[in-house]
Amino acid sequence: MTMTNTAATPKAVVIRYVEAVRDGDADVIHDSFAEDVTWHYPGDLPISKVWHGRDTVINDFLGGMGPILVPGTLEIELVSTIAEGDRVVAEWTSKAKTVHGGTYDNRCIGIYTVRDGKIASVVEYTDTRHVAATLFPAL
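Residues numbered from 1 in each chain as written. Predicted model: local features only at pLDDT ≥ 70, side-chain atom pairs only at ≥ 80, totals over all residues. Heavy atoms only, no water.

Colleague: I'm lost on the overall build of the protein chain in this one. Help?
Modeller: What the protein chain contains, in helices and strands, is four helices and six strands. The N-to-C order of helical and strand elements in the protein chain reads α-α-β-β-α-β-β-β-β-α. In terms of C-alpha radius of gyration, the protein chain reaches 15 Å, essentially the compact-globule figure of 14 Å for 139 residues. Seen along its three principal axes, the alpha-carbon backbone of the protein chain occupies a region of about 55 × 25 × 25 Å. Going through the 139 residues of the protein chain one by one, you find that 40% of them count as buried. Taking contacts inside the protein chain between residues at least 6 apart in sequence as the whole, the part at least 24 apart equals 48%. About 7,700 Å² of surface is accessible on the protein chain, with carbon and sulfur atoms providing 53% of the total. Considering the protein chain, the positive charge centre built from 12 side chains and the negative charge centre built from 19 side chains are found 3 Å apart. (Helix = DSSP H or I, 4+ residues; strand = E, 2+ residues; numbered from the N terminus. Rg over C-alpha atoms; globule rule 2.2 N^0.38 Å. Buried < 20%, exposed > 50% of the residue type's maximum accessible area, 1.4 Å probe, protein only. Contact = heavy atoms within 4.5 Å. Areas by Shrake-Rupley, 256 points an atom, 1.4 Å probe, with all protein chains shown as cover. Lys, Arg positive; Asp, Glu negative; His and termini not counted. Charge placed at Lys NZ, Arg CZ, Asp CG, Glu CD.)

Here's what the structure looks like:
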């Protein structure tokens, strides 16, 4: 039997994904998601909705933050993870300079569901008031 990503624990899959975001590893980010992944970003921001599909999550949701952040300033730090079965709660910090002249500095929690070694769904919670003020100041 060959070892594949399906042999990784759900916690290992999520840690690998967060570290790939931190390191800017686009291939690992892509490979971390199931093709039919959903990412729910609650709130009333322009990015608040349920995003459907790997390409949409990567290109439109995650990639949509790129033009708002000053290149080379994003810092991601994984603070903790808790896993039970196929669900993993990950806590991380995100810091970056914004093109609007501010500093984004937020603490986030994501509830990940992992299926067959891939992230199948995410519900993310964060300080949306800080997101609005720093990333969408024109709102």
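Colleague: Help me understand the nonpolar core in this model?
Modeller: The tendency in soluble globular proteins is for nonpolar side chains to be buried side by side. In terms of nonpolar packing, the biggest core is built from 35 residues, with Phe33, Trp39 and Tyr112 touching the most fellow members. Of all the secondary structure elements, the ones that give two or more residues to this core are α1 (10–23), α2 (26–32), β1 (33–41), α3 (54–62), β4 (87–97), β5 (103–115), β6 (118–125) and α4 (128–135). Element by element, the count of residues in this core is highest for α1, at five residues. Residue contacts for Trp39: discarding those within four places in its chain leaves Tyr17, Phe33, Lys49, Val50, Trp51, Val57, Phe61, Leu62, Tyr112, Val122 and Glu124. (Core = buried A, V, L, I, M, F, W, Y, C linked by side-chain atoms within 4.5 Å.)

Colleague: Help me understand the pairing of β4 in this model?
Modeller: It is a general feature of regular strands that their side chains alternate between the two faces of the sheet. In this structure, strand β3 (residues 75–84) lies alongside β4, joined through nine bridges in antiparallel fashion. Bridging across to β4, Ser80 finds its partner in Glu91. Linking β3 to β4, which pair antiparallel, is a turn of two residues; within it Gly85 sits at a positive phi near 60°. Sheet analysis places β4 next to β5, joined by 11 bridges and oriented antiparallel. Across the sheet, Lys97 pairs through a bridge with Thr103, a residue of β5. In this antiparallel pair of consecutive strands, β4 and β5, the connection spans five residues, and Gly101 shows a positive phi of 95°. (Pairing = 2+ DSSP bridges.)

Colleague: Would you mind showing me how to read the side chain of Ser32 here?
Modeller: With respect to the element layout, Ser32 can be found in helix α2. Aside from chain neighbours lying at most four places away, what touches Ser32 is Val13, Arg16, Tyr17, Lys118 and Ile119.

Colleague: In this structure, what is going on with the packing of aromatic side chains? I would like to understand it.
Modeller: Aromatic ring pairs are reported here in terms of the distance separating the ring centres and the angle at which the planes meet. Applying the stated criterion across every chain, the model contains nine aromatic pairs. Measuring from ring centre to ring centre gives 5.3 Å for Trp39 and Phe61, while their planes differ by 50°; the resulting arrangement is tilted. Within this pair, whereas Trp39 is found in strand β1, its partner Phe61 is found in helix α3, the two being separated by 22 residues in sequence. In terms of burial, Trp39 and Phe61 fall into one category: buried. Feature note: the residues Tyr17, Phe33, Trp39, Tyr41, Trp51, Phe61, Trp92 and Tyr112 constitute an aromatic cluster, connected by ring pairs. Sitting above the plane of the Trp51 ring, Lys49 keeps its charged end 4.2 Å from the centroid. (Phe/Tyr/Trp six-rings, centres within 6.5 Å; stacked < 30°, edge-to-face > 60°. Lys NZ or Arg CZ within 6 Å of the ring centre and 35° of its normal.)

Note that all results are geometric; they support no functional claim without further evidence.
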